[in-house]
Amino acid sequence: MIFYFTGTGNSLWVAKALSEALGEQLVSIAEELHKEKDGWGYPVRPDEKILFVYPVHSWGPAVSVTRFISRLTLNGYTGQSVYSISTCGDECGYTDRLIGKALEKRAISLTAAYSVIMPNNYILLPGFDVDDKDVEERKLQDAPARVAEIIEAIREHGQDALYHTGSMPGLKSYWIYPLFAHLAIGSNSFRVTDACISCGLCERICPTGTISMQAGKPVWTDTCVQCVACIHRCPVRAIEYGKGTLKKGRYHHPEIK
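This is a predicted model, so every value here is computed, not measured.

Parameters at a glance
Residues numbered from 1 in each chain as written. Predicted model: local features only at pLDDT ≥ 70, side-chain atom pairs only at ≥ 80, totals over all residues. Heavy atoms only, no water. Helix = DSSP H or I, 4+ residues; strand = E, 2+ residues; numbered from the N terminus. Buried < 20%, exposed > 50% of the residue type's maximum accessible area, 1.4 Å probe, protein only. Polar contact = N/O pair within 3.5 Å; in protein donor to acceptor, adjacent residues only side chain to side chain. Contact = heavy atoms within 4.5 Å. Pairing = 2+ DSSP bridges. Axes fitted to C-alpha atoms, helices over the stretch in contact; angles between N-to-C directions. Parallel < 35°, antiparallel > 145°, perpendicular 65-115°, else oblique. Left-handed = near helix turned anticlockwise from the far one by under 90°. Nonpolar A, V, L, I, M, F, W, Y, C, P; charged D, E, K, R; others polar. Phe/Tyr/Trp six-rings, centres within 6.5 Å; stacked < 30°, edge-to-face > 60°. Lys NZ or Arg CZ within 6 Å of the ring centre and 35° of its normal.

**Let's talk about the side chain of Ser-173**
Relative to the elements of secondary structure, Ser-173 occurs in helix 6 (residues 169-184). Look at Ser-173 and you get buried, because its relative accessible area is 1%. A polar contact of 2.8 Å, which involves the side chain of Ser-173, links it to the backbone oxygen of Trp-59. Ignoring sequence-local partners within four residues, the contact set of Ser-173 consists of Trp-59, Cys-92, Gly-93, Tyr-94, Thr-95, Leu-98 and Pro-178.

Now the structure itself:
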């Protein structure tokens, strides 16, 4: 079983590749969270592999993933292999440790953690932008080989982590990430310009139900987790984040429509 969360499609692309290779079904964390249950329980086979595929947000797991895990029950879990596969623009910090602790609270043990470098997409703060086109293309070209290595490691029950921690992981994951999760999540400065064509795509793809169409225009509530799906996938570039994104690039995975 592969639980995945995605914004711009990077993690979905990885999850699909893993699903095809390992024969495990895909479960959208966003869709499950929309069901408003008291908890989420799933039966697991004795031979089942359990994977969590998700993006790194500010050197920690996407907030929706830890929310989901906090009420997750795996019925029939007796120590089956559990893997974390995170997608990141450059460095993951101690995301692996954070996801491992979240799973431990549900009496689930993390077997191994892997990461896949994908094109950058976080553009909401000063100093952050998408990659140059040549860097984006190189990352997309390198990703299949990395995923193949991860698939081989899982098949061979390998625990040698294909994981990129990066520099100063303690500072980034134990200090900056909690600030991001506390201060950035829930508040946002998204706005729509006159270029909006009222297509409603942003509302349909928002994984947290933050966006609703009112009078033909999107309106954001305070449940945003900054997955940046809306701003990157708007077909006419009508969504901005304050004034800070006016001159910044846009990205979504080219194979995810």
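Further notes follow.
**Some words on the sheet that holds strand 6 (residues 82-88)**
Read from one edge to the other, the open sheet built from five strands follows the order 2-1-4-6-7, with strand pairing classed as parallel. Either end of the sheet is taken by a strand with one partner, and the two such strands are strand 2 (26-28) and strand 7 (112-117). Across the sheet, the mean angle from the axis of one strand to that of its neighbour is 20°, orientation sign disregarded. Here strand 1 (residues 2-4) pairs with strand 2 via three bridges, running parallel. From the neighbouring strand, Tyr-4 faces strand 2, where its bridge partner is Ser-28.

**Regarding unusual backbone geometry**
Positive phi is not limited to glycine here, since Trp-59 has a value of about 65°. The residue Ser-198 is not glycine, and still its phi comes out positive at about 60°. Along the chain, Ser-198 falls in the loop between strand 8 (190-192) and helix 7 (201-205). On the basis of relative accessible area, Ser-198 is assigned to the partly exposed category, the value being 36%.

**Focus: the pairing of strand 9 (residues 211-214)**
Two strands pair when backbone bridges link them, and strand 9 and strand 10 (residues 217-220) are joined in this way by four bridges, in the antiparallel orientation. Bridge assignment links Gln-214 to a residue of strand 10, and that residue is Lys-217. The antiparallel hairpin formed by strand 9 and strand 10 contains two residues in its connecting segment, where Ala-215 sits at a positive phi of about 55°.

**Notes on the packing of helix 1 (residues 10-22) against helix 5 (residues 133-155)**
At their nearest, the axes of helix 1 and helix 5 sit 10 Å apart, and the two run at 45° to each other. In terms of orientation, helix 1 lies oblique with respect to helix 5. Between helix 1 and helix 5 the crossing geometry is right-handed. In this structure, helix 1 contributes Trp-13, Val-14, Ala-17, Leu-18, Ala-21 and Leu-22 to the contact, and helix 5 contributes Ala-143, Pro-144, Val-147, Ile-150, Ile-151, Ile-154 and Arg-155. Of the residues assigned to the contact of helix 1 with helix 5, the class counts are twelve nonpolar, no polar and one charged.

**What to know about the packing of aromatic side chains**
What the rule picks out here adds up to eleven aromatic pairs. With centroids separated by 5.6 Å and ring planes inclined at 85°, the aromatic side chains of Tyr-122 and Phe-128 adopt a geometry described as edge-to-face. Residue Phe-128 is classed as partly exposed on the basis of its relative accessible area, which comes to 36%. Here the aromatic rings of Tyr-122 and Phe-180 are separated by 6.4 Å at their centres, their planes lie at 80°, and the arrangement is edge-to-face. Taken together, the residues span a long stretch of sequence, with Tyr-122 in the loop between strand 7 and helix 5 and Phe-180 in helix 6 at a distance of 58 residues. Directly above the aromatic system of Tyr-94 lies the positively charged group of Arg-97, at a separation of 3.8 Å from the ring centroid.

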